[in-house]
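Chain and residue survey
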Amino acid sequence: MGEDYPKKGRFGRYGGQFIPETLVPAVQELEKAYLRLRRDASFKRELAHLLADYAGRPTPLYLASNLTESAGGAKVYLKREDLLHSGAHKINNTLGQALLAKKMGKPRVIAETGAGQHGVATAMACAVLGLKAEVYMGSEDIERQKLNVFRMRLLGTEVHSVDSGSRTLKDAINEALRDWVTNLRDTYYIIGSVVGPHPYPVIVRDFQSVIGVEIKRQMKSKEGRLPDAVVACVGGGSNAMGTFHPFVDDRDVKLYGVEAGGTGRGRSAATLVEGREGVLHGMLTYLLQDRDGQVASTESISAGLDYPGVGPEHSFLKDSGRAQYVSASDDEAVKAFHLLSRKEGIIPALESSHAVSYAVKLAGRMKRDENVVVTLSGRGDKDVQIIAKRAGLEI
Amino acid sequence: MSPIRSVFRSLGKDGALIAYTMGGDPDIETTERVVDALIAGGADIIELGVPFSDPIADGKSIQEAAVRSLAAGTKPSDILGVVARLKKKHSTPIAIMTYYNILYSPGLDRFLSEAKKAGVDALIVPDLPLDETEDYSRLARKYSLDTILMAAPTTSPARMKSLVRHSTGFLYLVSLLGVTGARSQLGDETLKLVKEAKRVTRGKIPLGVGFGISKPEHVRAVLAAGADAVIVGSSIVNMVSSGKPTAAMLKDVENYARTLKTATKTGGSNQT
């Protein structure tokens, strides 16, 4: 787990706790519990056990030879978070936070979800730890991610459809916050990304940092050195933060975050590429917004990246120049989806396909003796209907 | 003394009625007439909502009002414009209620200076808790705008004391755990909070109670528990969007304000 803890919850000027007064004692209670439990031997043991034997960690670091060949440059490694139980990296965080909820004596858990991966991972963590879970999901996302909705219900989780605003992830977070402010005494809110008021961006980053820690160890054993670049997709930015964080002090390792470029500028979810700073969901961060400060509606083929904000630590890494943020369009993501499926026999999530798309371009510009690691944050089963529909097929 | 504090002083033992409506719902011209009606009915302070795309502290009524207002194309500057027009007609203090990004996005200094120029007396920002008010409070002082902070049933007595130190105008007591919206009954928690706040604040700052207040009996109960003002919002918003012809709706709004105002009076209220 990460050792650094931001003062007053700020990464540079980003972050903070822009929340209703009612919630202030709740985030303070959470911070106190987290600071105690992150050092607690039995908590760490229990989480390590769940991550290994329940979720399937460590995940492999796979040298994608065929993809490397088609990129025509640096070696491309895939960090296989898609092989985790639940099919995505989200479970690293939900197991950690559900365990926190349990230790804090909160019997009820709420969560928001976009693509449904965080919702499914929350449902699983709560099922195994004996907590009651309710998940908020935008009605547009419910429509495009039906499979995950049904999975959550099978796991005993109640799914609430959110019809307000753009009916996507941002509105699901609004609704989860409204639930939390009403039920905070017995309810723990598991945020699914490195967003929200402090201490959430730290907590989620720490639980996801297992990705980068493993990459580091695995690269040392496979290549005898650190990678030259790591690449991950960024919606809220949890798999990217988990990938980047252990490398932040290794200045020779370049960090690339790939946002959803949608169908073009102004019709995207590329917050860091196109946005400017503002306050949403408890944090000061880059935001897609209009001139008056109204939050913009976003567009992306991947529900999991379809978010107008971004984790505050990413905003900080962007401004400091430590990480670079780029975007991949819907078309580029779909192309990468097919490429990885055909070349490597791996069907990636549409979210992860954005990272694959950029990584292939990047590797092509790099030397053959260099290495790129792409975090494959999730598998693509949930997206096959979207791909089929795009091709005009019924399945 | 700020205009808001003067209102409390002039009311003496009576309570103040703080009436909320969403600016630009259904359009900016109607908002002006709704405020006229609220003032005609006896509202002592007006709270005007500036719509925000993501109002996390609001329940259905005010959320939907924000959606209607934004769909009508309302801009924050339109609402400051209506404030300026209202201020020409009325001496009633006006507070703006909105979310922090509406202030932050154009630049805090710029927004507050324009608000002041329009005649705004105070701001209420539900997602700006005390811990994040440093820059904001400095500028609010610069422009002599009241800073109205919120206290909630989860606020500890120690924190309540620092809220009092940093608030001007009045302290906004969030009556319950939850979001804005009319409720049929007042919870025990609400009256407990008012009594506790009264004990801690010891009259240093007026106490306004909001969230869930919609009936004259709610008004009487919170004032009897020691509050100095009631804040009524969602039920007014519901009236504005009832679908009645404008003239009838305005009459309803005025009559409703009058009923609530009557309940704030110590002498004249019917204690039935």
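Look a little higher up for the structure.
Before going into details, it helps to say that this report is about the structure given with it. Position numbers for residues start from 1 in each chain and track the written sequence from start to end. Note on labels: chains are lettered from A, ligands numbered from 1, in written order. Side-chain atom pairs in this predicted model are given and counted only at pLDDT of 80 or more, local residue features only at pLDDT of at least 70, and totals for whole chains, interfaces and linings cover all residues. Side-chain figures throughout are based on the complete set of non-hydrogen atoms in the structure, without hydrogens or water.

1. What about the overall build of chain B?
When helices and strands are tallied, chain B shows 12 helices and 9 strands. If one aligns the C-alpha atoms of chain B with their principal axes, the spans along those axes are about 45 × 45 × 30 Å. Each residue gets one of three labels from its accessible area relative to the maximum for its type: buried under 20%, exposed over 50%, partly exposed in between, using a 1.4 Å probe on protein chains only. In chain B, which comprises 272 residues, the share counted as buried stands at 63%. The contact criterion used throughout is that any non-hydrogen atoms of two residues lie within 4.5 Å. For chain B, restricting intrachain contacts to residue pairs at least 6 apart in sequence, the fraction spanning at least 24 positions comes to 72%. Of the roughly 10,400 Å² of accessible surface on chain B, a fraction of 51% belongs to carbon and sulfur atoms. Just so you know, the count uses Lys and Arg for positive and Asp and Glu for negative, and it drops His and the chain ends. Note that the charge is assigned to NZ on lysines, CZ on arginines, CG on aspartates and CD on glutamates. Between the mean site of the 34 positive side-chain charges and the mean site of the 28 negative ones, chain B shows a separation of 6 Å. Where helices and strands are cited, they refer to DSSP runs of H or I of at least four residues and of E of at least two residues respectively, numbered from the N terminus. For the accessible areas, the method is Shrake-Rupley and the probe is 1.4 Å, while residue cover comes only from the protein chains on display.

2. Details of the interface of chain A and chain B
Listed by partner, the interface residues are 36 residues for chain A and 36 residues for chain B. Between chain A and chain B, a total of about 2,900 Å² is buried, with carbon and sulfur atoms accounting for 49% of that surface. Buried area counts how much accessible surface, traced with a 1.4 Å probe, disappears from two parts once they are put together, with both parts' losses summed. When the buried area of chain A at its contact with chain B is split by residue, Glu21, Arg178 and Gln294 of chain A rank highest and sum to 23% of it. We define a salt bridge as a contact between a side-chain nitrogen of Lys or Arg and a carboxyl oxygen of Asp or Glu at a distance within 4 Å. In this structure, the connection of chain A to chain B is made through 5 salt bridges. Lys170 of chain A is paired through a salt bridge with Asp54 of chain B; the nearest N and O atoms lie 2.8 Å apart. Here a polar contact means two N or O atoms within 3.5 Å. Within protein one must be a hydrogen donor candidate and the other an acceptor candidate, and residues neighboring in sequence count only if both atoms are side-chain atoms. Taken together, the links from chain A to chain B amount to 22 residue pairs in polar contact (both at pLDDT 80 or more). By residue number, the principal contributor to the side of chain A that touches chain B is helix H8 (residues 169–183) of chain A, which donates 8 residues. Charged residues are taken to be Asp, Glu, Lys and Arg, nonpolar residues to be Ala, Val, Leu, Ile, Met, Phe, Trp, Tyr, Cys and Pro, and polar residues to be all remaining types, Gly included. Residues of the side of chain A that touches chain B, tallied by class, amount to 13 nonpolar, 11 polar and 12 charged.

3. With respect to the sheet that holds strand E7 (residues 158–162) of chain A
Residue and element names in this part refer to chain A. The strand order E7-E6-E5-E8 describes an open sheet built from 4 strands, whose pairing is parallel. In this open sheet, the two strands that pair with only one neighbour each are E7 and strand E8 (187–190). Going from strand to strand, the sheet's axes swing by 25 degrees on average, the running direction of each strand aside. Criterion used throughout: strands pair if DSSP finds at least two bridges between them. Two elements, strand E6 (residues 132–138) and E7, share 5 bridges in a ladder whose sense is parallel. Bridge pairing in E7 links Gly138 to Val162. Helix axes are fitted to C-alpha atoms over the stretch in contact, other axes to C-alpha atoms as well, and angles between N-to-C directions run from 0 to 180 degrees.

4. Considering the packing of helix H2 (residues 41–55) of chain A against helix H4 (residues 90–103) of chain A
All names here are of chain A. As a packed pair, H2 and H4 sit with axes 10 Å apart at the nearest point and diverge in direction by 140 degrees. Here H2 lies oblique to H4, going by the angle between them. Where H2 crosses over H4, the two elements pack in a sense that is right-handed. Facing H2, whose interface residues are Phe43, Glu46, Leu47, Leu50, Leu51, Tyr54 and Ala55, H4 presents Ile91, Asn92, Leu95, Gly96, Leu99, Leu100 and Lys103. For classification purposes, an angle smaller than 35 degrees is called roughly parallel, one larger than 145 roughly antiparallel, one from 65 to 115 roughly perpendicular, and anything else oblique. Should the near helix be turned counterclockwise from the far one by less than a right angle, the crossing is left-handed, whereas a clockwise turn marks it as right-handed.

5. Some remarks on the environment of Ala115 of chain B
All names here are of chain B. As for its position among the elements, Ala115 is in helix H6 (residues 108–118). Sequence separation between Ala115 and Val35 is 80 residues, and the spatial gap between their C-alpha atoms is 18 Å. The residues contacting Ala115, other than those within four sequence positions of it, are Leu80 and Val120.

6. Notes on the nonpolar core
It is characteristic of soluble globular proteins that their nonpolar side chains tend to be buried jointly. Residue types Ala, Val, Leu, Ile, Met, Phe, Trp, Tyr and Cys, when buried and joined through side-chain atoms within 4.5 Å, form a set referred to as a nonpolar core. Of all hydrophobic cores here, the largest spans 166 residues; its most connected members are Trp180 of chain A together with Leu103 and Leu171 of chain B. Beyond its immediate chain neighbours, meaning those up to four positions away, Leu171 of chain B contacts Leu149, Met150, Ala151, Met160, Leu163, Val164, Thr201, Ile205, Pro206, Leu207 and Gly208 of chain B. Membership of the second largest hydrophobic core comes to 30 residues, among which are Leu67, Ala71, Ala359 and Leu362 of chain A.

7. Quick notes on the pattern of salt bridges
Oppositely charged side chains are able to pair whenever their charged atoms sit close together. For the coordinates displayed, the defined rule picks out 48 salt bridges over all chains. Between Lys89 of chain B and Asp36 of chain B there is a salt bridge, and its shortest N-O distance comes to 3.0 Å. Taken together, the residues span a long stretch of sequence, with Lys89 of chain B in helix H4 (residues 76–89) and Asp36 of chain B in helix H2 (residues 28–41) at a distance of 53 residues. On the accessibility criterion, Asp36 of chain B (21% relative accessible area) is partly exposed. The structure contains a network of salt bridges with shared partners spanning Arg108, Lys132, Glu134, Glu158 and Asp179 of chain A.

8. A look at a nonpolar patch on the surface
Residue and element names in this part refer to chain A. A cluster of nonpolar side chains, contributed by Ile347, Val384 and Ile395, occupies part of the molecular surface with about 260 Å² of accessible area. Counting through the fold element by element, Ile347 comes out in the loop between helix H14 (330–344) and helix H15 (350–365). Given the relative accessible area of 40%, Ile347 is considered partly exposed. Patch membership is restricted to residues that have no salt bridge and whose relative accessible area is over 30%. Joining uses 9 Å for like charges and 5 Å for the nonpolar side chains Val, Leu, Ile, Met, Phe, Trp and Tyr.

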